[in-house]
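# Commentary on secondary and tertiary structure
Below, each chain spelled out in residue letters.
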Amino acid sequence: VLAVPVLFKQALENTETEEGKSVSLRCELTKADATVVWKKGEATLQASAKYEMKQKGTVAELVIHNAEPEDA
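By the naming in an unreviewed UniProt entry, the chain is OBSCN protein, taken from Pygoscelis papua. According to the UniProt record, the Subcellular location (unreviewed entry) comment for the chain reads "Cytoplasm".

## Digging into the nonpolar core
If you look at soluble globular proteins, the nonpolar side chains tend to sit buried side by side. Within the largest apolar cluster, eleven residues are counted, these being Val23, Leu25, Cys27, Leu29, Ala34, Trp38, Leu45, Tyr51, Ala60, Leu62 and Ile64. Secondary-structure elements contributing two or more residues to this core are β2 (23-29) and β6 (59-64). Among the elements that make up this core, the one with the highest residue count is β2 (four residues). What Leu25 contacts, discounting residues up to four positions off in sequence, is Leu12, Glu13, Thr15, Trp38, Ala60, Glu61, Leu62 and Ile64.

## So, the environment of Val23
Looking at the secondary structure, you find Val23 in strand β2. Look at Val23 and you get buried, because its relative accessible area is 12%. The spatial distance from the C-alpha of Val23 to the C-alpha of Ala43 is 19 Å, given a sequence separation of 20 residues. When sequence neighbours within four positions are dropped, the list of residues in contact with Val23 reads Thr15, Thr17, Leu62, Val63 and Ile64.

## Examining the pairing of strand β5 (residues 51-56)
Pairing between β5 and β6: six bridges, direction antiparallel. The residue bridging Lys54 from the neighbouring strand is Glu61, located in β6. Counted along the chain from β5 to the antiparallel partner β6, the turn is two residues long, and its residue Gly57 has a positive phi close to 60°.

Rules behind the numbers
- Residues numbered from 1 in each chain as written.
- Predicted model: local features only at pLDDT ≥ 70, side-chain atom pairs only at ≥ 80, totals over all residues.
- Heavy atoms only, no water.
- UniProt positions renumbered as here; feature names shortened; annotations may be inferred.
- Core = buried A, V, L, I, M, F, W, Y, C linked by side-chain atoms within 4.5 Å.
- Buried < 20%, exposed > 50% of the residue type's maximum accessible area, 1.4 Å probe, protein only.
- Helix = DSSP H or I, 4+ residues; strand = E, 2+ residues; numbered from the N terminus.
- Contact = heavy atoms within 4.5 Å.
- Pairing = 2+ DSSP bridges.

Take a look at the structure:
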């Protein structure tokens, strides 16, 4: 049985916010509830007070709270 690859239906878009505010990054996948790993460079982000990961169906979302220039 061949596995069907999970692809992006809607890729991430550049998003701007003010320092200290929250910002949401979203992508849409071709398969519901696929495993999503959020990274910044080579570092894998972990859920914390700063990083909130959400996933509902085919939509995965990363919310960055209290955004700082280092989050670019």
